[in-house]
Each structure stands twice: as structure tokens, then as C-alpha cells.
Amino acid sequence: MFFPSQDNNYRSLVVGVDIKIPLSNGMYTTAINFDNAATTPPFTSVLQDIFAFSPYYSSIHRGSGYKSELSSSVYEESRISILAFAGADPDNDTVIYVKNTTEALNKLAHRFCSNDKKCVILSSDMEHHSNDLPWRDRYTVDYVNIDNNGKLSLKDLESKLIKYNGRVKLITVTGASNVTGIINPVYDMAAIAHKYGAKIVVDGAQVIPHIPFNMKPLNPKEHIDFLVFSGHKMYAPFGVGVLIGPKQAFESGDPDTKGGGTVQFVTHDFVSWSSPPQKDEAGTPNLMGVIALVSAIETLKTINMTNVARIEAELTKYTLNKLKNIPDIILYGNKTYTEDRLGIIPFNIKDIPHDITAKILSDERGISVRSGCFCAHPYVQKLLNLPKDEIKKYISNPSLPRPGMVRISFGLYNTYSEADILINLLEKIIRNKSYYMKKYHPDK
Ligand SMILES: Cc1ncc(COP(=O)(O)O)c(C=O)c1O
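Below: a short report on this structure. (Residues numbered from 1 in each chain as written. Predicted model: local features only at pLDDT ≥ 70, side-chain atom pairs only at ≥ 80, totals over all residues. Heavy atoms only, no water.)

**Considerations on the overall build of the chain**
Just so we agree on the cut-off: Here a strand is any run of E in DSSP of at least two residues, a helix any run of H or I of at least four, and the numbering for each starts at the N terminus. In this setup the radius of gyration rests on C-alpha atoms only. A globule is expected at 2.2 Å times the number of residues raised to 0.38. Only protein chains enter the calculation, and the probe is 1.4 Å; a residue is then buried if its accessible area is under 20% of its type maximum, exposed if over 50%, and partly exposed in between. In this analysis, two residues are considered to be in contact whenever any of their non-hydrogen atoms come within 4.5 Å of each other. Only the protein chains shown count as cover for residues, and the accessible areas themselves come from Shrake-Rupley with a 1.4 Å probe. Think of it this way: Lys and Arg go in the positive column, Asp and Glu in the negative one, and His and the chain ends go nowhere. By convention, the point assigned to a charge is CZ for Arg, NZ for Lys, CD for Glu and CG for Asp.
Secondary structure assignment for the chain yields 13 helices and 17 strands. Radius of gyration (C-alpha) of the chain: 23 Å, near the 22 Å computed for a compact globule of 444 residues. In terms of overall dimensions, the chain has C-alpha extents of about 70 × 55 × 40 Å along its principal axes. Within the chain, buried positions represent 53% of all 444 residues. Considering only contacts in the chain between residues 6 or more positions apart, those separated by 24 or more positions represent 71%. Working note: accessible area of the chain is about 20000 Å², and carbon and sulfur atoms make up 54% of it. Charge separation in the chain, taken as the distance between the mean sites of 49 positive and 46 negative side-chain charges, equals 5 Å.

Dropping the structure here:
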């Protein structure tokens, strides 16, 4: 197959993709970013829209005057775009703006079952810590098992729902793993959850920027009850995230963060809270963050999410096919391309620690990847097959070098040429392991 060198029509939509950065030898090279699962660079359109709105930027909700009224209406109307993009129900669902996915999940955890330990929350073995830790202190949390390829077991999900006999109130699951890219069958999970009277929240941090998604409000069986995601992973930095769910779910109870903007009326001994979503958006809202997010959504819609998914899938297939034929590359999760995965590939080079591989890629050719356990320690421990005794050693000795993997994750602007540069360098490292191990030994 032949691919031209700048084989991606969407590259010009993204800021900084051709920027030169210094290498450790002082030479300059074009940066390659394969760490899009962590955060993506901004769309040019996002920066343009922020710049264009800046002359009108003003206080929201509490101010009078043209600019303030315009700012307030832009902020409020943005919720309609977000609901439409997520395929939510505009009549019943609300959008609560937060900082990121982590804050959204903490907010939902505060609200969901009123901190009742009798309430069981089913998380899974593959969750990011942000979709595990917020639930732990407040509720009884159990984890749906994964199989040897890192896939979640629907059988185990159902058997846990049966075991807890009506106590499971919520299944909280990632739309796709940030470690293996495996896309979870969330609609099947929703149907199982609803059958046993539970609700489902999808952590959309990874799926929303990469594949089409719909909360399916008109399908009571497969409907996704709550959805959370982050702007900075979808080409819209500036610190905004989203929690979508039925308005009614946020009506009773106190907000987790209290302050300005959350109340209707206050005396020294009385508070009446505003209605959702304002009640859950304490303090001055992040209008520029919201403008960035709506702008990114418009650009993604123009590209078309089916197109985004296809571009990234083809690049993933190409890269995986090459990687799996390189001796000494160890792949984790699904070792071949399947349709139920995002453009995320975790691997190690045999006998080279993950952090050293990442450093070599960066220092030798300006390739950014992530290495470690990707805030999903239990999942990575399982994928690495770490015995319990070894895990205990890491717990008792924090100075031991940490286990982990290297992760490449694609964005819609990455190219086959970039993948080839990575693959060539990996082959070179493998051919010259002792040279690189000596050069990048941690003591150096
Ligand atoms: C699956 C998943 N959930 C949650 C998060 C947390 O996102 P944020 O850091 O934007 O809160 C991440 C971040 O990598 C993620 O990949």
C-alpha cells in the first residue's frame, strides 16, 4: 500500500502538528504526538472562535448590559449543542459543566445514591482511576471481570447483578479503555443494567472524541443514563468537561460544591438551591472553555465522526500489522486489529523498561508517547499478569521501579508516515538493544 508523506487531509485543522522541537543532540525535528489519549492539541477553529468571541466576553448570569447578556445566552445555548452531539434527550437531560471527566464522576458519585453504603456500584477491572476511586468511600464497589485479552465479561456483569439482588444501583463503565482501546458494548451493558433495575454511566473520555456516540434516549432498553467527557481530549483545551444526565436526578440534595451561582435565596440560616444545572455549577462559569468545546464539536461534526473513526481505525490497523511482526515487541490486549478498538496500542520491547523506551522515542526522534500504568493500575497489573506477591512488593516498597507499558494513541491528524517513523525507530532500538540500554540507563 502506498501512502503519501503528509497523508492526512485534516492535519491543517490542528495547531502545532508540524512544529519543530529540539532533540537531546541539539538537532531540531518535527514533533510526533502519539499521546492523544492523554490530551489532544487544539483545533485552529477553537482558537479562532475564542479570539472572535473575546471582544464580547463578559460576566455570565449576574451582569446586565449587552455583552453580559450575550455571554449568558451563548453559555446557556451551548448546552443544546452538547446534548445534540451526545444524542441526549433535550427534554429530560441536562448538561452540567465541570472541569473534566474526573470532576464529573466525582460530582455524580456525590449525588447518585446519597452516600449510602448499602448501594452497590459496579465498576470494572478496566477503569481509569477517575471512574473507580470517587465511588469507593461512599458505596460498596465491585468490579466486573475482564478476560485474558482485556475484554469485559458481560456474563460476569449479569452474574454480579444477580448476586447483589437489586442492590446494584449503577454500572459505571468506560466507553473504551484508555490502556487497550477496547470499546465496551455499552448498549448491551445498558440493556442488562436496566433489566436488573440499575442505571448506567458511560465514561466517555476516550470514546467521545474518536467514534460516533448516541445516548439513545428513545430506546428505553439501551439508553445510556449518564455520560461524562473532557474537552481537552477532543481538541478543546481551556478546562471544561461535561456531565449529562436526567435533570430530575440532580434536583434533590445539596450540591457537592457550594457557592455563588448555586442558590435562589439565602439568609444566615436558610438556603434554597437553584434548579439544575445551575445548582451544580458553583462559581463563575468557564465560558471560554465552553466556547472552545462547542467550536471543537462543530469541527468534529464537519469532519464527521464516522470519518474520524475510519481514519483512526485504518491507521491503527496499519500500525498494529507492522508491530505484530516485529520480534521482541510485546503487545497487550487485542493483538490484532478488531472493530471494537480505538486507536490505542499498548506494548513493550522485550528486556527494555517501558520508561526507557518512551525516553528513547522522545530523545531520539521527538515522538511523544505515554508510559507507565495510565491511571489504570489494576487493569495494567492484570494485562501484565503480575502475580499477587509482586504487587505486594510494589505496595511495600515505593522506590521499586514501577511496572508498566508504552502506549501510543492516535488522533485524527496522525499520519502513516509518522507511524513508519515510529516503527523504524522501534526496529532500530531492537537491533541495537545493548547500545540504547547503555545510553539510556537510568543512572546516566
Ligand atoms: C477513560 C478515562 N476516564 C477518565 C479520564 C480522566 O480524564 P480527565 O483527566 O480529563 O479528568 C481519562 C483520562 O485519561 C480516561 O482516559
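There is more to say after this.
**Describing the state of the cysteines**
Put simply, the test is: Our working definition of a disulfide is a cysteine sulfur pair at a distance within 2.5 Å.
Here the structure, examined in full by the defined rule, presents one disulfide. The disulfide bridge from C113 ends at C119, spanning 2.1 Å between sulfur atoms. A torsion of 80° about the S-S bond marks the disulfide between C113 and C119 as right-handed. In this structure, C113 and C119 share a single accessibility class: buried. Counting only cysteine sulfurs, C375 is the nearest neighbor of C373, a cysteine outside any disulfide, at a range of 9.3 Å.

**Describing unusual backbone geometry**
Cis rather than trans, the peptide bond between P276 and P277 has omega equal to 5°. Along the chain, P277 falls in the loop between β12 (270–273) and α7 (287–303). Backbone geometry at N165 places phi at a positive 50°, although glycine is not the residue there. Along the chain, N165 turns up in the loop between α5 (154–163) and β7 (168–174). With a phi angle near 70°, Y235 is a residue other than glycine that sits in the positive phi range. For Y235, the position within the fold is in the loop between β9 (226–230) and β10 (241–246).

**Considering the sheet that holds strand β13 (residues 329–331)**
What counts is decided by this rule: Strands are treated as partners if at least two bridges between them are detected by DSSP. Every axis corresponds to a line fitted to the C-alpha atoms, with the helix fit spanning only the stretch in contact, and the corresponding angles, defined between N-to-C directions, vary from 0 to 180 degrees.
In spatial order, the strands read β13-β14-β17-β16; together these four strands make up an open sheet with antiparallel pairing. Only two strands of the sheet have a single neighbouring strand rather than two, namely β13 and β16 (370–372). The average angle at which neighbouring strand axes cross in this sheet is 35°, direction not considered. Here strand β14 (residues 344–349) pairs with strand β17 (residues 405–409) via four bridges, running antiparallel. By the bridge assignment, I345 is partnered in β17 with I408. Its contacts with the sheet place helix α8 (residues 305–323) against β13, β14 and β17, and it is angled at close to 20° to β14. Sheet contacts for helix α9 (residues 354–365): β14, β16 and β17; angle to β16, the most-contacted strand, approximately 160°.

**Things to note about the site of the ligand**
Threshold: If a single non-hydrogen atom of a residue is within 4 Å of a molecule or strand, that residue counts as near it. Residues adjacent in sequence count toward polar contacts only when both atoms are side-chain atoms; beyond that, a polar contact is any pair of N or O atoms within 3.5 Å, and within protein one must be able to donate a hydrogen and the other to accept it. Only Asp, Glu, Lys and Arg are considered charged in this grouping, and only Ala, Val, Leu, Ile, Met, Phe, Trp, Tyr, Cys and Pro are considered nonpolar; every other residue, Gly among them, is considered polar.
Around the ligand sit 14 residues in total, of which T102, D203, S230, H232 and K233 are the nearest. Between the ligand and D203 there is a distance of 2.5 Å, counted from a nitrogen atom to a side-chain nitrogen or oxygen. In the environment of the ligand, an oxygen atom lies 2.6 Å from a nitrogen or oxygen atom belonging to the side chain of H232. Partitioned by chemical class, the residues of the shell around the ligand number two nonpolar, 10 polar and two charged.

**What about the pairing of β17?**
Remark: a regular strand shows side chains that alternate across the two faces of the sheet. By the criterion of burial, β17 is predominantly enclosed, with five of the five residues buried. Neither face of β17 is open: one carries M405, R407 and S409, the other V406 and I408, and all of them are buried. Pairing of β16 with β17 involves three bridges; the strand directions are antiparallel. Across the sheet, residue R370 finds its bridge partner in β17, namely R407.

**Digging into the pattern of salt bridges**
Heads up, the condition is: Any carboxyl oxygen of Asp or Glu within 4 Å of a side-chain nitrogen of Lys or Arg constitutes a salt bridge here.
Overall, the coordinates contain 26 salt bridges when judged by the stated rule. Three or more residues joined by partner-sharing salt bridges are found here, namely K107, R111, D256 and D280.

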